[in-house]
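Descriptive analysis of the structure
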Amino acid sequence: HLRYSLAAKQWTGFPYAFETIGSAMAGRADAYQQQGGMNKRKAGEDFYFLNKFTVLDHFGEITNTAVFPSPRRSHRVPFGTGRTVAEMLDRQGPYKTYAPSSFMELKQTFEALPFIYVEDKLDWEARLPPQMKAYLAQLGFEEKLQELRQHTRSFDGFRKRFFRWFNAFLIMKFVHFARDRAYPDVAVGEAANWLLKHLKQPIANEKDAKQLLLQYRQLA
(Lines give C-alpha, C1' and ligand atoms only; values in the text may rest on other atoms or scores of the structure.)
Protein backbone atom coordinates (compact mmCIF):
# COMPACT_ATOMS: atom_id res chain seq x y z
CA HIS A 1 0.00 0.00 0.00
CA LEU A 2 2.68 2.51 1.02
CA ARG A 3 4.90 1.80 -1.98
CA TYR A 4 1.99 1.80 -4.42
CA SER A 5 0.58 5.10 -3.15
CA LEU A 6 4.01 6.74 -3.30
CA ALA A 7 4.75 5.43 -6.81
CA ALA A 8 1.28 6.52 -7.92
CA LYS A 9 1.91 10.09 -6.70
CA GLN A 10 5.20 10.12 -8.56
CA TRP A 11 3.41 8.84 -11.68
CA THR A 12 0.98 11.76 -11.55
CA GLY A 13 3.85 14.21 -11.96
CA PHE A 14 3.76 15.56 -8.41
CA PRO A 15 7.34 16.78 -7.83
CA TYR A 16 7.44 16.34 -4.05
CA ALA A 17 6.41 12.69 -3.68
CA PHE A 18 8.51 11.10 -0.94
CA GLU A 19 7.93 8.47 1.71
CA THR A 20 7.04 9.96 5.09
CA ILE A 21 7.71 7.15 7.55
CA GLY A 22 9.15 8.70 10.69
CA SER A 23 11.57 5.88 11.49
CA ALA A 24 13.13 6.22 8.02
CA MET A 25 13.82 9.97 8.19
CA ALA A 26 17.04 11.78 9.01
CA GLY A 27 17.92 15.45 9.11
CA ARG A 28 20.57 17.91 10.20
CA ALA A 29 20.12 19.60 13.57
CA ASP A 30 20.44 23.09 12.10
CA ALA A 31 17.76 22.34 9.47
CA TYR A 32 15.53 20.95 12.22
CA GLN A 33 15.88 24.20 14.14
CA GLN A 34 15.28 26.38 11.09
CA GLN A 35 11.98 24.62 10.43
CA GLY A 36 10.80 25.02 14.00
CA GLY A 37 11.35 21.44 15.12
CA MET A 38 8.74 18.68 15.27
CA ASN A 39 5.13 19.66 15.78
CA LYS A 40 3.00 18.33 18.62
CA ARG A 41 0.26 16.63 16.65
CA LYS A 42 -1.04 13.38 18.08
CA ALA A 43 -0.53 11.57 14.77
CA GLY A 44 1.00 12.20 11.38
CA GLU A 45 3.68 14.47 12.84
CA ASP A 46 6.33 12.81 10.65
CA PHE A 47 4.22 13.53 7.53
CA TYR A 48 3.78 17.20 8.35
CA PHE A 49 7.39 17.58 9.46
CA LEU A 50 8.97 16.04 6.36
CA ASN A 51 6.79 18.05 4.01
CA LYS A 52 8.42 21.22 5.33
CA PHE A 53 11.67 20.00 3.78
CA THR A 54 10.62 18.47 0.47
CA VAL A 55 10.31 21.88 -1.22
CA LEU A 56 13.77 22.97 -0.07
CA ASP A 57 17.18 22.36 -1.60
CA HIS A 58 19.50 19.61 -0.35
CA PHE A 59 16.65 17.15 0.17
CA GLY A 60 16.95 13.65 -1.24
CA GLU A 61 16.52 9.91 -0.76
CA ILE A 62 18.93 7.24 0.40
CA THR A 63 18.12 3.91 -1.25
CA ASN A 64 21.29 1.90 -0.56
CA THR A 65 20.37 0.97 2.99
CA ALA A 66 17.24 -0.20 4.83
CA VAL A 67 15.31 0.49 8.00
CA PHE A 68 13.03 -2.13 9.55
CA PRO A 69 10.39 -0.50 11.77
CA SER A 70 8.62 -2.64 14.34
CA PRO A 71 5.34 -4.07 12.94
CA ARG A 72 3.63 -3.81 16.31
CA ARG A 73 0.03 -2.72 16.64
CA SER A 74 -0.70 0.57 18.40
CA HIS A 75 -3.74 2.41 19.69
CA ARG A 76 -1.72 5.37 20.92
CA VAL A 77 -2.73 7.54 17.96
CA PRO A 78 -6.04 8.10 16.12
CA PHE A 79 -4.48 7.12 12.77
CA GLY A 80 -1.14 6.08 11.32
CA THR A 81 0.94 2.97 10.80
CA GLY A 82 0.54 1.39 14.24
CA ARG A 83 -3.21 1.75 14.26
CA THR A 84 -3.48 0.49 10.67
CA VAL A 85 -1.43 -2.59 11.59
CA ALA A 86 -3.87 -3.29 14.43
CA GLU A 87 -6.86 -2.94 12.12
CA MET A 88 -5.26 -5.23 9.52
CA LEU A 89 -4.54 -7.91 12.13
CA ASP A 90 -8.08 -7.72 13.48
CA ARG A 91 -9.69 -7.74 10.03
CA GLN A 92 -7.43 -10.39 8.47
CA GLY A 93 -7.83 -8.98 4.95
CA PRO A 94 -8.57 -8.43 2.20
CA TYR A 95 -6.41 -5.33 2.36
CA LYS A 96 -7.39 -2.29 0.33
CA THR A 97 -5.81 0.91 -0.90
CA TYR A 98 -6.65 4.09 -2.81
CA ALA A 99 -8.38 3.62 -6.16
CA PRO A 100 -6.32 4.24 -9.33
CA SER A 101 -9.03 6.61 -10.58
CA SER A 102 -8.02 9.18 -7.97
CA PHE A 103 -4.44 9.23 -9.24
CA MET A 104 -5.65 9.37 -12.82
CA GLU A 105 -7.55 12.56 -11.97
CA LEU A 106 -4.46 14.03 -10.32
CA LYS A 107 -2.33 13.25 -13.36
CA GLN A 108 -4.89 14.75 -15.74
CA THR A 109 -5.04 17.91 -13.63
CA PHE A 110 -1.26 18.33 -13.42
CA GLU A 111 -0.94 17.83 -17.18
CA ALA A 112 -3.50 20.62 -17.66
CA LEU A 113 -1.47 23.17 -15.68
CA PRO A 114 -0.01 24.93 -18.77
CA PHE A 115 -3.57 25.62 -19.93
CA ILE A 116 -4.84 26.56 -16.46
CA TYR A 117 -2.06 29.15 -16.30
CA VAL A 118 -3.29 31.07 -19.35
CA GLU A 119 -6.92 30.19 -20.03
CA ASP A 120 -10.17 31.76 -18.87
CA LYS A 121 -12.19 29.92 -16.25
CA LEU A 122 -14.66 28.30 -18.65
CA ASP A 123 -11.79 26.83 -20.65
CA TRP A 124 -9.50 25.59 -17.87
CA GLU A 125 -12.42 24.32 -15.79
CA ALA A 126 -13.55 22.17 -18.72
CA ARG A 127 -10.19 20.39 -18.61
CA LEU A 128 -10.66 19.23 -15.02
CA PRO A 129 -11.92 15.72 -14.24
CA PRO A 130 -15.15 15.62 -12.21
CA GLN A 131 -13.92 14.99 -8.68
CA MET A 132 -11.02 17.40 -9.00
CA LYS A 133 -13.36 20.07 -10.31
CA ALA A 134 -15.56 19.70 -7.23
CA TYR A 135 -12.55 19.57 -4.90
CA LEU A 136 -10.90 22.71 -6.25
CA ALA A 137 -14.21 24.57 -6.10
CA GLN A 138 -14.43 23.62 -2.43
CA LEU A 139 -10.91 25.02 -1.91
CA GLY A 140 -11.78 28.31 -3.61
CA PHE A 141 -9.30 27.64 -6.40
CA GLU A 142 -10.52 30.41 -8.71
CA GLU A 143 -9.38 33.04 -6.20
CA LYS A 144 -6.16 31.14 -5.49
CA LEU A 145 -5.42 30.95 -9.21
CA GLN A 146 -5.60 34.72 -9.53
CA GLU A 147 -3.11 35.06 -6.69
CA LEU A 148 -0.74 32.53 -8.27
CA ARG A 149 -0.89 34.31 -11.61
CA GLN A 150 -0.28 37.72 -10.07
CA HIS A 151 2.91 36.59 -8.36
CA THR A 152 4.54 34.79 -11.30
CA ARG A 153 6.01 35.95 -14.59
CA SER A 154 6.41 32.57 -16.26
CA PHE A 155 4.80 29.15 -16.30
CA ASP A 156 7.77 27.63 -14.46
CA GLY A 157 7.26 30.08 -11.62
CA PHE A 158 3.52 29.42 -11.63
CA ARG A 159 4.05 25.66 -11.52
CA LYS A 160 6.46 25.94 -8.59
CA ARG A 161 4.04 28.12 -6.63
CA PHE A 162 1.12 25.84 -7.50
CA PHE A 163 2.83 22.77 -6.05
CA ARG A 164 3.89 24.63 -2.94
CA TRP A 165 0.20 25.28 -2.41
CA PHE A 166 -1.21 22.01 -3.77
CA ASN A 167 1.13 19.99 -1.57
CA ALA A 168 1.17 16.44 -0.25
CA PHE A 169 -1.44 17.33 2.36
CA LEU A 170 -3.93 18.60 -0.24
CA ILE A 171 -3.23 15.54 -2.39
CA MET A 172 -4.03 13.28 0.55
CA LYS A 173 -7.20 15.27 1.23
CA PHE A 174 -8.20 14.97 -2.43
CA VAL A 175 -7.71 11.20 -2.47
CA HIS A 176 -9.97 10.90 0.59
CA PHE A 177 -12.47 13.34 -0.95
CA ALA A 178 -12.61 11.29 -4.17
CA ARG A 179 -12.83 8.02 -2.23
CA ASP A 180 -15.83 9.22 -0.25
CA ARG A 181 -17.64 10.61 -3.31
CA ALA A 182 -16.82 8.35 -6.23
CA TYR A 183 -13.82 6.02 -6.05
CA PRO A 184 -13.96 3.54 -3.16
CA ASP A 185 -10.82 1.72 -2.07
CA VAL A 186 -9.79 -1.34 -4.10
CA ALA A 187 -7.73 -4.44 -3.34
CA VAL A 188 -4.03 -3.64 -2.96
CA GLY A 189 -3.00 -6.26 -5.51
CA GLU A 190 -5.39 -4.91 -8.12
CA ALA A 191 -4.18 -1.35 -7.66
CA ALA A 192 -0.52 -2.36 -7.56
CA ASN A 193 -0.76 -4.28 -10.83
CA TRP A 194 -2.68 -1.43 -12.47
CA LEU A 195 0.17 0.95 -11.76
CA LEU A 196 2.85 -1.56 -12.78
CA LYS A 197 1.11 -1.87 -16.12
CA HIS A 198 1.09 1.91 -16.61
CA LEU A 199 4.77 2.02 -15.63
CA LYS A 200 5.42 -0.70 -18.25
CA GLN A 201 6.65 -3.10 -15.56
CA PRO A 202 5.93 -6.84 -15.27
CA ILE A 203 2.75 -7.60 -13.37
CA ALA A 204 2.32 -10.40 -10.84
CA ASN A 205 -0.42 -12.49 -9.29
CA GLU A 206 -2.65 -9.96 -7.53
CA LYS A 207 -2.84 -12.24 -4.50
CA ASP A 208 0.94 -12.67 -4.27
CA ALA A 209 1.62 -9.70 -1.99
CA LYS A 210 5.25 -10.61 -1.42
CA GLN A 211 6.07 -10.72 -5.12
CA LEU A 212 4.34 -7.39 -5.70
CA LEU A 213 6.27 -5.88 -2.79
CA LEU A 214 9.57 -7.10 -4.23
CA GLN A 215 8.71 -5.59 -7.59
CA TYR A 216 7.89 -2.25 -6.01
CA ARG A 217 11.13 -2.29 -4.07
CA GLN A 218 12.94 -2.50 -7.40
CA LEU A 219 11.26 0.77 -8.47
CA ALA A 220 12.85 2.73 -5.59
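As shown above, the structure is provided for reference.
Starting from 1, residues in each chain are numbered consecutively following that chain's sequence as written. In view of the model being predicted, local features appear only for residues whose pLDDT reaches at least 70, and side-chain atom pairs are presented and counted only at 80 or more, with totals across whole chains, interfaces and linings using the full set of residues. Only heavy atoms go into the side-chain values, all of them from the structure, while hydrogens and water stay out.

1. Some thoughts on the environment of Leu213
Test applied: In DSSP terms, a helix is any run of H or I states spanning at least four residues, a strand is any run of E spanning at least two, and both are numbered starting from the N terminus.
Within the secondary structure, Leu213 sits in helix α13 (residues 209–219). Separated by 145 residues in the primary sequence, Leu213 and Phe68 have C-alpha atoms spaced 15 Å apart.

2. Concerning the packing of helix α9 (residues 141–150) against helix α10 (residues 155–165)
The criterion, for reference: Simply put, an axis is a line fit to the C-alpha atoms, just over the touching stretch for a helix, and the angle between two N-to-C directions goes from 0 to 180 degrees. In what follows, roughly perpendicular refers to angles from 65 to 115 degrees, roughly parallel to angles under 35, roughly antiparallel to angles over 145, and oblique to any angle outside these ranges. When the near helix sits turned anticlockwise from the far one by under a right angle, the crossing is termed left-handed; a clockwise turn instead gives a right-handed crossing. A contact between two residues is defined here by any heavy atoms of the two lying within 4.5 Å.
The contact between α9 and α10 brings their axes to 10 Å, and the two run at 140°. Regarding the angle of α9 to α10, the classification is oblique. The chirality of how α9 crosses α10 is right-handed. Along the contact surface, α9 presents Phe141, Lys144, Leu145, Leu148 and Arg149, while α10 presents Phe158, Arg161, Phe162 and Trp165.

3. Focus on the layout of surface pockets
Operational definition: Any residue with an atom within 4 Å of a point lines the site, the site being either a cavity, points on a 1 Å grid over the protein atoms alone where a 1.4 Å probe fits but cannot get out, or a pocket, an open set with protein on both sides within 12 Å along at least 5 of 7 lines. Grid points are joined across faces, edges and corners, and a volume is the space filled by probe spheres set on the points. Just so you know the grouping, Ala, Val, Leu, Ile, Met, Phe, Trp, Tyr, Cys and Pro go in nonpolar, Asp, Glu, Lys and Arg go in charged, and all remaining residues, Gly too, go in polar.
As a volume, the second largest pocket reaches approximately 190 Å³. Taken together, 13 residues line the second largest pocket, and the ones lying closest to its centre are Tyr48, Asn51, Lys52, Asn167 and Phe169. Listed by contribution, the elements that provide at least two residues to the lining of the second largest pocket are α3 (45–50), α10 and α11 (168–181). For the lining of the second largest pocket, a count of residues per class yields eight nonpolar, three polar and two charged.

4. Brief notes about unusual backbone geometry
Residue Lys200 is not a glycine yet carries a positive backbone phi of 60°. Here Lys200 lies in the loop between α12 (188–198) and α13.

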